[in-house]
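Breakdown of the fold
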Amino acid sequence: MIDILKRVFTEEHLLLCEALPFSACSLIAPHKLKWLDFEVRSAIIFAIPYLVKGEEKRNVSRYAVSRDYHLYVSQLQERLLPRLASLFPDAHFVLFADNSPIDERDAAVKAGIGVMGKNGLVLTEKYGSYVFLGEVLTDLVPQNIGAIRELASGVCHNCSACQTACPKLSCCLSELTQKKGTLSSEEANEIRSLGSVWGCDVCQEVCPYNNAAEETPISFFREYRLPYLTKSLLVGMTDEEFSCRAYAWRKRDTILRNLELFESESY
Ligand code: B12
Ligand code: SF4
Ligand code: SF4
């Protein structure tokens, strides 16, 4: 059974290791399970590679240069779930990524997808940390699940390059770029020195696991790329175009405010 699952996921270029007993997952949003009409027994954890190299001139975090990965996840769900349902007609499946009931990094490490980096991210051998994590929750119990290292763990090289390079003073700058409303002058300066209007990649760019990270084979992440956002590009986007970007959930005001930080005379 796990071999069939692996084949289906591999055809989608997803990095897959093993299924995990659901009891080994840490719940961070248990209310998201309430609407499920089946008892979740296993989690099939996968990683979605998104790295596209080049694009040195970038003011948007790598993960947000393509269209929003949540759109890719919706498309994936539309392909994957009917396939799984036809292969296993008596089982139930539901797919989550990011907006998930479980702690995805913890689950990915336990499932053997990668090791936990000191930068707080899961580092994979093939694609480094440039992966999104997701999972299919199911009431299936793959036959060899008992053989899975239920609490497998791993740690990174512990070189501390990420911590040395991290520019944060107050909070993670990725979070700061998402903050709504008016920024204090210190917060504004932190974003200016970061040079990114959305997200932060500093602790990933310096990580040795990412030196030989491979590019994504998934075409979705190679299309409609906007590595360098400007006010005119943003203002020129139709609502439909804007809604496809990873920063859309914060509305235009937030990203516009960040862009304007780079235009102010005091900078
Ligand atoms: C909220 C959230 C954020 C918040 C807060 C992050 C946080 N609290 O860690 C903000 C906005 C800051 C954020 C930023 C980013 N995020 Co985020 N985020 C999430 C989300 C939705 C929930 C995280 C959460 O609350 N976890 C639960 C609590 C308990 O975790 P925690 O307190 O941090 O505890 C963990 C750490 O302590 C870690 N850990 C264990 N041992 C050690 C040892 C050391 C030394 C350290 C430092 C950590 C560590 O393990 C614990 C359990 O996982 C997850 C998706 C999900 N459902 O899991 C994505 C997720 C973690 N984010 C992701 C990404 C890509 C990012 C960014 C890289 C985006 C960017 N480029 O700007 C940054 C990276 C920042 C960083 N270095 O961690 C990916 C990570 C992929 C990966 N390869 O690991 C996820 C999994 C989304 C996804 N589906 O792909 N994120
Ligand atoms: S994302 Fe940026 S601010 Fe956040 S931990 Fe990494 S380097 Fe530090
Ligand atoms: S930079 Fe070094 S310490 Fe930080 S996550 Fe990568 S290997 Fe680990």
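A few points on the structure.

Quick notes on the rules
Residues numbered from 1 in each chain as written. Chains lettered and ligands numbered in written order. Predicted model: local features only at pLDDT ≥ 70, side-chain atom pairs only at ≥ 80, totals over all residues. Heavy atoms only, no water. Buried < 20%, exposed > 50% of the residue type's maximum accessible area, 1.4 Å probe, protein only. Helix = DSSP H or I, 4+ residues; strand = E, 2+ residues; numbered from the N terminus. Pairing = 2+ DSSP bridges. Arc of directions from axis to C-beta. Core = buried A, V, L, I, M, F, W, Y, C linked by side-chain atoms within 4.5 Å. Contact = heavy atoms within 4.5 Å. Polar contact = N/O pair within 3.5 Å; in protein donor to acceptor, adjacent residues only side chain to side chain. Near = heavy atom within 4 Å. Nonpolar A, V, L, I, M, F, W, Y, C, P; charged D, E, K, R; others polar. Salt bridge = Lys/Arg side-chain N within 4 Å of Asp/Glu carboxyl O. Expected span 1.5 Å × (residues − 1). Bend = angle between axes of the 7 residues up to and from the residue.

1. Things to note about the pairing of strand β3 (residues 93-96)
Judged by which residues are buried, β3 turns out to be covered on both faces: Phe93 and Leu95 on one side and Val94 and Phe96 on the other are all buried. Bridge count between β3 and strand β6 (residues 131-138): four bridges; the pairing is antiparallel. Residue pairing in the sheet places Phe96 in a bridge with Glu135 of β6.

2. Topic: helix α1 (residues 2-11)
Each α-helix winds once per 3.6 residues, and so residues spaced three or four apart point in a common direction. Turning to α1, its buried residues are Ile2, Leu5, Val8 and Phe9. Around the axis of α1, the buried residues are gathered within 125 degrees of arc, so they sit on the same side. His13 lies just past α1 and shows a positive phi near 65 degrees.

3. Here's the deal with the pairing of strand β2 (residues 42-49)
Among the eight residues that make up β2, eight are buried, leaving the element largely enclosed by the rest of the structure. On β2, burial covers both faces: Ser42, Ile44, Phe46 and Ile48 on one face and Ala43, Ile45, Ala47 and Pro49 on the other are all buried. Two strands pair when backbone bridges link them, and β2 and β6 are joined in this way by eight bridges, in the antiparallel orientation. Directly across from Ile44, in β6, lies its bridge partner Val136.

4. Regarding the nonpolar core
Phe9, Leu229 and Tyr247 are the most contacted members of the largest nonpolar core, which has 48 residues in total. Secondary-structure elements contributing two or more residues to this core are α1, β1 (15-21), β2, α2 (69-87), β3, β6 and α10 (251-261). Considering each element in turn, this core owes the most residues, seven residues, to α2. Not counting chain neighbours up to four residues away, the residues in contact with Phe9 comprise Leu14, Leu16, Ile44, Phe46, Leu80, Leu84 and Val136. Core analysis: the next-biggest nonpolar cluster, separate from the first, contains 24 residues, Cys25, Ala43, Ala47 and Tyr127 among them.

5. A few points about the side chain of Asn210
Tracing the sequence through the fold places Asn210 in the loop between α7 (202-205) and α8 (231-236). For Asn210, a relative accessible area of 10% translates into the label buried. Of the polar contacts made by the side chain of Asn210, one reaches the backbone oxygen of Gln204; its length is 2.8 Å.

6. A word on the site of ligand 2
The environment of ligand 2 is formed by Cys166, Pro167, Lys168, Cys172, Leu173, Cys200, Val202 and Cys203. For the shell around ligand 2, the class distribution of residues is seven nonpolar, no polar and one charged.

7. Some points on the pattern of salt bridges
Overall, the coordinates contain 13 salt bridges when judged by the stated rule. Of the charged contacts in the structure, one is a salt bridge between Glu11 and Arg83, with a shortest N-O distance of 2.7 Å. Of the two residues, Glu11 is situated in helix α1 and Arg83 in helix α2; the sequence distance between them amounts to 72 residues. The exposure class assigned to Glu11 is partly exposed, which follows from its relative accessible area of 44%. Here Glu12 makes a salt bridge to Arg79, at a shortest N to O gap of 2.8 Å. Placement of the pair is Glu12 in the loop between α1 and β1 and Arg79 in helix α2, with a sequence separation of 67 residues.

8. As for the environment of Leu194
Its location among the elements puts Leu194 in helix α6 (residues 185-194). Judged by its relative accessible area of 18%, Leu194 is buried. For the pair formed by Leu194 and Asp98, sequence separation is 96 residues and the distance between their alpha carbons is 24 Å. Apart from residues no more than four positions distant in its own chain, Leu194 is found in contact with Pro167, Leu173, Thr177, Gly199, Cys200 and Val202.

9. Some remarks on α2
With 19 residues, α2 ought to run about 27 Å at 1.5 Å a step, and its terminal C-alpha atoms sit 26 Å apart, in line with that. The largest bend in α2 is about 25 degrees, located at Gln77. Along α2, the residues that are buried comprise Tyr69, Tyr72, Val73, Leu76, Leu80, Leu81 and Leu84.

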